[in-house]
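If you want the building blocks of each chain, they are given just below.
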Amino acid sequence: MSTFDGTDDAAPADRLAAGRRRRTTRTGTVLSQELIVQTAIRLLEQPGNDALSVRRLGIALGADPSALYRYFRSTDDLVLAVADELIGMSLKDVRITGDWRVDLRRIGTDLHRTYTAHPQVAVLTASRVTRRPNEIRGVEIGLGILRDAGFGPEDAARYYHRFIDFALGFAAIDAAAHALPTEAGAADRAAWQGTYACLPPDRYPRIAESAHTLARTMSTSAYPGALEVFLDGVQAALDRHGR
């Protein structure tokens, strides 16, 4: 785990605890964990940024980069906090109705929407386990929905794992597409009409017969339809067990 100055030693816990109090920087900014995380997200969302630069983060905050030691042990600690903030954003409007399919669809849709709205952040954090409050809340909600649907504790854990990896996998893929440079993204989308639709049908008959549909669908996310297929599978599992 690399720290902000490039060494492998985590900042002492007592210094972190003391430093997490709000402090004013030399430019008058009131520094806090929340402000650092929000600024990191803002910097990642700027074109061409795909990693956290502590130097740029310090400049944006009007603080010496070493001041971040008071709030985070390392760059990875900060990345995990950013990841947890993204999870919190996706759970902001969660409402549990008691209909497991409606609830899982809403959670999955909100997660996908949030992550694709912040593509650079999503690409950086989608695979991480934050061990922080928003993620813990999300796991509890997901397991609760599946338990209330009729799954036992072990099956609820298995289907939660499948659901969240399914949702995050699609979110990461679609976020990566959103994060592409403008020209590269446009070229990828145009390929289905400009390349695949022009392939000789005698050599590629299956592509030829589906070319127009490919051109229409492959430049959009498959997630909404795939989510319904996944939910159908959950329903089938419940039906098999008479639930």
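The rules behind each value
- Residues numbered from 1 in each chain as written.
- Predicted model: local features only at pLDDT ≥ 70, side-chain atom pairs only at ≥ 80, totals over all residues.
- Heavy atoms only, no water.
- Helix = DSSP H or I, 4+ residues; strand = E, 2+ residues; numbered from the N terminus.
- Buried < 20%, exposed > 50% of the residue type's maximum accessible area, 1.4 Å probe, protein only.
- Contact = heavy atoms within 4.5 Å.
- Phe/Tyr/Trp six-rings, centres within 6.5 Å; stacked < 30°, edge-to-face > 60°.
- Lys NZ or Arg CZ within 6 Å of the ring centre and 35° of its normal.
- Expected span 1.5 Å × (residues − 1).
- Polar contact = N/O pair within 3.5 Å; in protein donor to acceptor, adjacent residues only side chain to side chain.
- Core = buried A, V, L, I, M, F, W, Y, C linked by side-chain atoms within 4.5 Å.
- Salt bridge = Lys/Arg side-chain N within 4 Å of Asp/Glu carboxyl O.

**Student:** Honestly, the overall build of the protein in this entry has me stumped. Any pointers?
**Tutor:** What the protein contains, in helices and strands, is 11 helices and two strands. Tracing the protein from N to C terminus, the helices and strands come up as α-β-β-α-α-α-α-α-α-α-α-α-α. A buried classification covers 39% of the 243 residues belonging to the protein. Nonlocal contacts in the protein, meaning residues at least 24 apart in sequence, comprise 73% of its contacts between residues at least 6 apart.

**Student:** Sorry if this is basic, but what is going on with the packing of aromatic side chains here?
**Tutor:** Aromatic ring pairs are described here by two measures, namely the spacing of the ring centres and the angle between the planes. Applying the stated criterion to the full structure yields seven aromatic pairs. Ring geometry for Phe 151 against Tyr 159: centres 4.7 Å apart, planes inclined by 20°, an arrangement best described as stacked. Using a relative accessible area of 1% as the deciding quantity, one classes Phe 151 as buried. Where Trp 192 meets Tyr 196, the ring centres are 4.5 Å apart and the plane angle is 25°; that geometry is what we call stacked. An aromatic cluster is built from Phe 163, Phe 166, Phe 170, Tyr 223 and Phe 230, whose rings are joined through pairwise contacts. Lying over the aromatic face of Tyr 159, Arg 162 brings its terminal NZ or CZ to 4.7 Å of the ring centre.

**Student:** Would you mind going over helix H5 (residues 100–117) with me for this structure?
**Tutor:** Structurally, the α-helix is built with 3.6 residues per turn, so residues lying three or four positions apart point the same way. Helix length check: H5 (18 residues) gives 26 Å between terminal C-alpha atoms against 26 Å at 1.5 Å per residue, within 8%. Of the residues making up H5, those classed as buried are Trp 100, Arg 101, Asp 103, Leu 104, Ile 107, Gly 108, Asp 110, Leu 111, His 112, Thr 114, Tyr 115 and Thr 116. Elements that come into contact with the buried residues of H5 comprise helix H4 (75–90), helix H6 (119–125), helix H7 (133–149), helix H8 (153–179) and helix H11 (223–240). Measuring from the side-chain oxygen of the N-cap residue of H5 to the backbone nitrogen of Arg 101 gives 3.1 Å; that N-cap residue is Asp 99.

**Student:** Could you clarify how one ought to interpret the nonpolar core in this entry?
**Tutor:** Generally speaking, soluble globular proteins have nonpolar side chains that are buried together. Of all hydrophobic cores here, the largest spans 53 residues; its most connected members are Ile 36, Leu 57, Trp 100, Tyr 115 and Phe 151. Here the element with the most residues in this core is H8; it accounts for 10 residues. Those residues in contact with Leu 57 that sit more than four places away from it in its chain are Ile 36, Thr 39, Ala 40, Leu 43, Leu 68 and Leu 78.

**Student:** I keep staring at the side chain of His 118 and nothing clicks. Help me out?
**Tutor:** Mapped onto the elements, His 118 comes out in the loop between H5 and H6. If we ignore the near neighbours within four places in the chain, the residues touching His 118 are Ile 41, Glu 45, Leu 86 and Met 89.

**Student:** Help me understand the environment of Gly 62 in this model?
**Tutor:** Position of Gly 62 among the secondary structure elements: in the loop between helix H3 (54–61) and H4. Sequence separation of Gly 62 and Leu 31 is 31 residues, and the distance between their C-alpha atoms is 9.3 Å.

**Student:** Got a minute to help me understand the pattern of salt bridges in this structure?
**Tutor:** A pair can form between side chains of opposite charge whenever their charged atoms are brought close. Applying the stated rule across the entire model yields 10 salt bridges. For Arg 101, the salt bridge is made with Glu 228, and the minimal N-O distance between the two is 3.2 Å. Of this pair, Arg 101 sits in helix H5 while Glu 228 sits in helix H11, and the two are 127 residues apart along the sequence. The exposure class assigned to Arg 101 is buried, which follows from its relative accessible area of 18%. The partly exposed category is assigned to Glu 228, whose relative accessible area is 25%. Between Arg 206 and Glu 209 there is a salt bridge, and its shortest N-O distance comes to 3.3 Å. With Arg 206 and Glu 209 both in helix H10 (residues 205–217) and three residues apart, the pair spans about one turn of that helix.

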